[in-house]
Amino acid sequence: MKHFYFAVTVEQDINESILTERTNPEYKPGYYSYIVKCSESDNIKAKFESIGGLKSANLCPTKKRAEFLVNHWNACYKANGTYLFDNPEF
């Protein structure tokens, strides 16, 4: 079965966490990119609706291209200070 790969980006508030109390009332966007793998039998609309904070989804011709994009985007978010996570060792 053929698979398709999407490079997706999500946006969430860096100042908000379900594990700790909110320390800053201001909204501060944070971004994270990752790969979503789909097959012919997947309902893409349902799959994307389940992703909270979805900002973009780019169809890639190969998994390798999707990996390149998400690694590049995450490196850019880390460099400009908008990466979602404190510890970028994900």
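Presented here is an overview of the structure given in this document. (Residues numbered from 1 in each chain as written. Predicted model: local features only at pLDDT ≥ 70, side-chain atom pairs only at ≥ 80, totals over all residues. Heavy atoms only, no water.)

### Points about the side chain of Thr-9
Test applied: A run of H or I in DSSP becomes a helix once it reaches four residues, and a run of E becomes a strand once it reaches two; helices and strands are each numbered from the N terminus. To sort residues, take the accessible area from a 1.4 Å probe on protein chains only and compare it with the maximum for the residue type: under 20% means buried, over 50% means exposed, and anything in between is partly exposed. Under the rule applied, a polar contact is a pair of N or O atoms within 3.5 Å (in protein, one hydrogen donor and one hydrogen acceptor; residues adjacent in sequence only if both atoms are side-chain atoms). The contact definition used throughout considers only heavy atoms, calling two residues in contact when any of these lie within 4.5 Å.
Relative to the elements of secondary structure, Thr-9 occurs in strand S1 (residues 3–13). For Thr-9, a relative accessible area of 3% translates into the label buried. Reaching out from Thr-9, the side chain makes a polar contact with the side chain of Ser-33 at a distance of 2.8 Å. If near-sequence neighbours (up to four positions away) are discounted, Thr-9 is found in contact with Tyr-31, Tyr-32, Ser-33, Gly-53, Leu-54, Lys-55, Ser-56, Trp-73 and Tyr-77.

### Some thoughts on helix H2 (residues 63–80)
Formally: Expected span of a helix: the number of residues minus one, times 1.5 Å. The arc in question is traced by the directions running from the helix axis to the C-beta atoms.
Between its terminal C-alpha atoms H2 stretches 26 Å, which fits the 26 Å expected from 18 residues at 1.5 Å a residue. Of all the positions in H2, only Ala-66, Leu-69, Val-70, Trp-73, Asn-74 and Tyr-77 are classed as buried. End-on, the buried residues of H2 take up no more than an arc of 125°, which puts them together on one face. In H2, the exposed residues that point more than 90 degrees away from the buried face are Lys-64, Asn-71 and Ala-79. If you follow the buried residues of H2, they end up packed against S1, strand S2 (29–39) and strand S3 (54–60).

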